[in-house]
Amino acid sequence: MDINFTLNGKKITCEAEPSDTLLDVLRYQGCFSVKRSCYTGECGNCAILMDGKLLPSCVLPAPQAEGHQILTVEGLSEGQDLHPIQKAFVETGAVQCGFCTPGMILATKALLDRTKYPSLDDAKDALGAILCRCTGYYQPLEAVMRAAAYLRGEAVPPYTRPEESVIVNPKDADRFHWVGKSVDKLDAPKMAKGKPVYVDDIELPGMLHGMLMTSPYAHARIRDIDTSEAEALPGVHCVLTYKNVKRQIYASGGQTYPNPKPWDQVCLDNKVRFVGDRVAAVAADSVDLCMKAIDLIKVDWEVLPAVFDMEETMKDGAPIIHDEPDAYGVADAAHNKAFVIDAAYGNLQDDFASSDLVVERVYHTQQVQQTPLEPHIVITWLDENDRLVVRTSTQVPFHVRRIISPLIDVPVKNIRVIKPRIGGGFGAKQEVLLEDLCSLLTIRTGRPVRFYFSRKEEFQSSRSRHSDRIRFKVGVMKSGRIKAIEMDMIENTGAYGVHGFTVCNVTGTRGLSTYRADSMRFHADIVYTNLPVPGAFRGYGGPQGIYAVESIMDEVAEKLNMDPIKFRMKNVVRPGESIKIMDKLAEFDPVPQKVNSFGLEECIEQGKKAINWDRKRLKRFHMDPLRPNIRRGIGMAIMMHGSGIAGIDMGAASMKINDDGSFNLQMGATDLGTGSDTILAQIAAEVLQIPVNKIIVYSSDTDFTPFDVGAYASSTTYISGMAVKKCAEKIKEQVLERASAMLKQPIDVLVLRDEKVFAPDGSSVTMEDIALNSLHRTNQQQIAATASHFSPECPPVFAVEFAEVEVDVETGQLNVEKLVMAVNPGTVINPVTAIGQLEGGQATALGYAVCEEMCYDGKGDMLNPRFGDYHILQADEMPEMVSIIIPQGEPTGPFGAKALAEIPTDGVAPAVANAVADAIGVRISSLPIVPEKVWKALQEKK
Amino acid sequence: MTVFYRPDTIKKTLKILGNPDQNCVPLYYPPRAKHISQWEGDALIDLSALDLNIINVRKSEILIGSMVSLETLAKSDEIKSRWDGVLSEAARISTTMAMRNLSSIGGVLMNPLFPAEVVLVLLALDAQVVLLQNNGKETRIPVEEFLLDGHPILQKGCLIKEVSIPLNSRTHCVFNRVACTKSNASIVSVVVRGDLTRTKAHHLRIAVFGANSFPKRYHQAELALVNDLITMEGIQQCCTKISEETAPVSDFRAGAEYRTAMAEVLIRRSLIALRKIAVG
């Protein structure tokens, strides 16, 4: 049927079926700002304005637009100009991955069309319609209020909150021109305008759609699979099963070569190991046809007993999940152990025996999902040279290329992987999840193929965070000195090993590297169960380990009747000390680690002030006479997280000069919305003393950018940043050499400043002069350089998290009132993006602490694979958050920088748990801390 | 789903709905949205051209059109100013603003579970569903009967026209709920209503969701408030009846034991709050 409506001010007529969504129709019309995300109206990333009302287009049948006025973000501004709302979002750093940004901007427009003077509650209600996993909502809320001021015609002062959050030593102020400055994120304007910058924002001629058939069973063999009817369906072009896909064992985690063991996956198997596991892949003319084809695939199943419990799975007689002969590196398949880790030093037995106090506890952490608002999506095609092009939403383009090559029998040189903007990753996209199958479909059909996960598949068939059972035992003296720490854990790695070993390694490292002890032991069993597969999730094992260690340390302090901060500071590792457990624990060969920069004491001092820590001692703080069922508490946790993986992570960068004195900067580093393109450009700008907008950044394309491991392990600023710095320094040498020839002055007297090279006699040449001279005139050369960097160090970042909570003792309901985080990440390259990382990370961590959990029925099927049932925090339920950055330079980092991408996820859960203990005198030893758990704990206490 | 209708009169709508050869689904959007593929039927009917989105205040009742959105219920002064703002709050907490713009009170009635807060308020206020039969005749049915055991009984060919809520200046309501976070789905929610004099609560209604498999009134607990007196003893007497009425289902949000306990806690709190309103 024809539908007539007005789109962004223009009358249009388009064809649609009643079963087409308005979302799909708008995208066909070129409105790529309207995003495919949940298809249940809950996330708001598809929101449009219909006659001024914010509506989710993913659940609206297209014909419902008839006669209405539809506005998308494309209709807000023209040309290069930004609408004031878009401008406000860019200035406040509210645009990170940008996937939810159009929805937020339209929600803001709807609000501001209604009222010129919105309250903060109005703003929270408006933005509550749009889910965001990156920002924590603070900067977007500030953007709303700022936009309102713009639209009222007020003179709006510069946005300075991020700078105010950075406590800079006066002697370090104004050291740099570009580093330490809140430069607008380079890609923010295009995302605020809704430009087609994401994987799915292209249409290729002849493009087919790919879809996965997944297992309804947790554990089953495929005795036979008949695809004949599916293949016979007109419009179906290819069906892949274990019968027609090479069996090549591999591991899908995007990690360094060789991938850590076990290698226990094949593209398509004749056995399935969890509900949601791959069974077949289909390519067809449309999504509907794919679904019909999948319905026609006949599988002869042999359903096998399944095991879901991480302790039961290790017992004799438990179903064996990996009984295939070609799985490689499985520690003990008969007992479903993917890997076993043991590391120890000192004499644990004696030290426990001689301790004045020994405390032992068991903690449980739950499985949670990253929920990137952009689900996994890949588009593949063969270019004019018949090379395979893989355009994918990935954090690890180079690993993707290397890993899929043997799976699809295409040499690396014939594969190009491109990562455009991606709508969030958080670790879920540190993985090869769809690229192999999509590539095979393209190779078999010769046509482009688009393959994406539905939101349900994103929950069940992608990746998540490992659930753990952690037993901690601490032996201390009455003085508070820790003598011995033992950490014994079981990590549930689900159906495949993937990141199991490395995540567990980090859990152990984070659990055991903050404090010193005479002896330590770490033991871990990484076990298979028939559950959806965990993988990398921001924090990468840190949240689990730090929840456990900071909970037990808090309890130990309480039992010793010591102040929890004083107890911790008595035992924390300090500058100059080595982290002994790191001599034993590592991904490959252990690399001894030392603490160089610290800053923890200053962080604690600032954090205590911000939370008003001393109230903790006051009885009147804990009880409110007007609300007799409410108790208040304050808790804290210390965090330490690394910067990159010592001796392993490597990044590289290339630069070249252009005729006008601008530079192309090509980096393998992967910007997930974190702002790495911008901060790496700032580093280059600082070296070359040119404005950031003279640097044209291009990243994450395996044909055109040098290698980088990708975005994980908090390595981008520290490792890739140093690669950029080195590269820019090589450029600088060439620039000065050329300038020396032009000015006839020795190099060592020349100064680079304000896009010029100055000689002491006052003569100068501009960067443009240098470019034109070198490219066209004299001794012509291309000023260009490439540099790479890896580090034998992994300088830890220290931070502290404080939480203030209220608990209703009758219901167990917990309200987190305030979070304060103080961190020393080394030099802060860009305060506005840094604050965004801190707030966004804490928001995710808060969900982990109080509400998120992947839940299953007795058959291993997920019970809550949709937003709403799996609740991620909204704008209208965030607590007050204060972020404080105390930069102390790290000598091995670029301009003193370390990292801050993952540490914000580490401390919220233990700080909240410790605050709950402070409020009600009961410790909750499993996450999430939901009302029922608190209530049960209180009942038991009674 | 092959056909889409947007009738501009009630008569045309009823004719389409009454077509025996076609299973037509009226688009009452629920607050918990469905993917398009989940609408079961041959045709969709867009009701937005029918002027069913009007709130009509009469002397003794307020009539809320079936297409009045939850956002209107949340923000309208007519609604906010009544019943202590409980219906507005229930609408607001049901879902996000974007979905509130889309979903309607008709959608709530057709999908009374998750979220159920608006239904609880309607139960507590003795609301009636005004139905248009296929012959155009209007009938009224109490919401409690319309949602028999949590399933709406809308016969083929009928249309939900509006919801009628009786008006009484003495009516007061209290709404309480427990959830993991402020905007998370409720684990248990309770609405209590009374037409108050200084000491008495006539027409006491206690509506609960989360401690049974569907939203329901706790009639035995209501009757236990002897002689309509809100005394602490009366409240205690009410609460003793709660366990007779609960039949909770454990799910991933919470277990049965907790739900039963919370029903009692929230009812007690709500009755105490109602008493405070009465006493001043």
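Residues numbered from 1 in each chain as written. Chains lettered and ligands numbered in written order. Predicted model: local features only at pLDDT ≥ 70, side-chain atom pairs only at ≥ 80, totals over all residues. Heavy atoms only, no water.

Student: Just to check I follow, could you spell out the overall build of chain B for this structure?
Tutor: Helix and strand counts for chain B come out as 12 helices and 14 strands. Here the C-alpha atoms of chain B give a radius of gyration of 19 Å, agreeing with the 19 Å that 2.2 N^0.38 yields for 280 residues. Overall size of chain B, expressed as C-alpha extent along the three principal axes, is 60 × 45 × 30 Å. Here chain B, with 280 residues, has 56% of them falling under the buried criterion. Considering only intrachain contacts with a sequence separation of at least 6, the fraction spanning at least 24 residues in chain B is 63%. Of the roughly 11200 Å² that chain B leaves accessible, carbon and sulfur atoms contribute 49%. In chain B, the 33 positive side-chain charges and the 28 negative ones have mean positions that sit 4 Å from each other. (Helix = DSSP H or I, 4+ residues; strand = E, 2+ residues; numbered from the N terminus. Rg over C-alpha atoms; globule rule 2.2 N^0.38 Å. Buried < 20%, exposed > 50% of the residue type's maximum accessible area, 1.4 Å probe, protein only. Contact = heavy atoms within 4.5 Å. Areas by Shrake-Rupley, 256 points an atom, 1.4 Å probe, with all protein chains shown as cover. Lys, Arg positive; Asp, Glu negative; His and termini not counted. Charge placed at Lys NZ, Arg CZ, Asp CG, Glu CD.)

Student: I tried to follow the overall build of chain A on my own but got confused; where do I start?
Tutor: The number of helices and strands found in chain A is 24 helices and 32 strands. In terms of overall size, chain A behaves like a compact globule, its C-alpha atoms giving a radius of gyration of 28 Å where 942 residues would be expected to give roughly 30 Å. Expressed as lengths along the three principal axes of its C-alpha atoms, the size of chain A is roughly 85 × 75 × 60 Å. Carbon together with sulfur atoms contributes 50% to the accessible area of chain A, which is approximately 30900 Å² in total.

Student: What exactly am I supposed to notice about the packing of helix H19 (residues 676-688) of chain A against helix H20 (residues 716-743) of chain A here?
Tutor: All names here are of chain A. Their axes nearest at 9 Å, the elements H19 and H20 cross at an angle of 35 degrees. Judged by the sense of rotation from one axis to the other, the crossing of H19 with H20 is right-handed. Along its contact with H19, which presents Ser676, Ile679, Leu680, Ile683, Ala684, Val687 and Leu688, the element H20 presents Thr716, Thr717, Ser720, Gly721, Val724, Lys725, Ala728, Glu729, Ile731 and Lys732. The class makeup of the residues in the contact of H19 with H20 is 9 nonpolar, 5 polar and 3 charged. (Axes fitted to C-alpha atoms, helices over the stretch in contact; angles between N-to-C directions. Left-handed = near helix turned anticlockwise from the far one by under 90°. Nonpolar A, V, L, I, M, F, W, Y, C, P; charged D, E, K, R; others polar.)

Student: Explanation requested: the side chain of Thr227 of chain A in the structure shown.
Tutor: Residue and element names in this part refer to chain A. Along the polypeptide, Thr227 turns up in the loop between strand S7 (220-226) and helix H8 (228-232). Within polar-contact distance, the side chain of Thr227 engages the side chain of Glu231 at 2.7 Å. With residues up to four places along the chain from it excluded, the contact list for Thr227 reads Val239, Thr241 and Ile297. (Polar contact = N/O pair within 3.5 Å; in protein donor to acceptor, adjacent residues only side chain to side chain.)

Student: Quick question: what am I supposed to make of the pairing of S7 of chain A here?
Tutor: Residues and elements named next belong to chain A. Sheet topology note: the S7/strand S9 (residues 271-272) ladder contains 2 bridges and is antiparallel. Following the sheet pairing, Arg221 is matched in S9 by Lys271. Summarising the sheet, S7 and strand S11 (residues 298-303) pair through 6 bridges and their orientation is antiparallel. By the bridge assignment, Asp224 is partnered in S11 with Asp300. (Pairing = 2+ DSSP bridges.)

Student: Could you clarify how one ought to interpret the domain arrangement of chain A in this entry?
Tutor: Often the size quoted for an interface is simply the accessible area lost on bringing the parts together. Examined at the domain level, chain A breaks down into domain 1 (2-75), domain 2 (84-193), domain 3 (208-304 + 371-461), domain 4 (322-369 + 463-580), domain 5 (597-639 + 794-941) and domain 6 (650-790). The distance between the C-alpha centroids of domain 4 of chain A and domain 6 of chain A comes to 43 Å. (Domains from an automatic or database assignment.)

Student: Explain the environment of Lys59 of chain B to me, please; I cannot follow it from the model alone.
Tutor: Residue and element names in this part refer to chain B. Tracing the chain through its elements places Lys59 in the loop between strand S4 (55-57) and strand S5 (61-65). Using a relative accessible area of 86% as the deciding quantity, one classes Lys59 as exposed. Residues Lys59 and Val163, spaced 104 residues apart in sequence, show a C-alpha to C-alpha distance of 15 Å.

Student: Any chance you could explain the packing of helix H4 (residues 120-127) of chain A against helix H5 (residues 138-151) of chain A here in plain terms?
Tutor: Residue and element names in this part refer to chain A. It is the contact of H4 with H5, at a shortest axis distance of 10 Å, that shows an interaxial angle of 120 degrees. Viewed along their axes, H4 and H5 adopt a mutual orientation that is oblique. Regarding H4 and H5, the two cross each other, and that crossing is right-handed. Contact with H4, carried on its side by Leu120, Ala123, Lys124 and Leu127, involves Pro140, Leu141, Val144 and Met145 of H5 and no other residues of that element. A per-class count over the contact of H4 with H5 returns 7 nonpolar, no polar and 1 charged. (Parallel < 35°, antiparallel > 145°, perpendicular 65-115°, else oblique.)

Student: Just to check I follow, could you spell out the pairing of S5 of chain B for this structure?
Tutor: Along a regular strand, successive side chains alternate from one face of the sheet to the other. All names here are of chain B. Buried residues dominate S5, accounting for 5 of its 5 residues. Covered by surrounding structure in S5 are Glu61, Leu63 and Gly65 together with Ile62 and Ile64, the residues of both alternating faces. With 3 bridges joining them, S4 and S5 adopt antiparallel strand pairing. Bridging across to S5, Asn56 finds its partner in Leu63. Two elements, S5 and strand S10 (residues 159-166), share 5 bridges in a ladder whose sense is antiparallel. Directly across from Ile62, in S10, lies its bridge partner Ile165.

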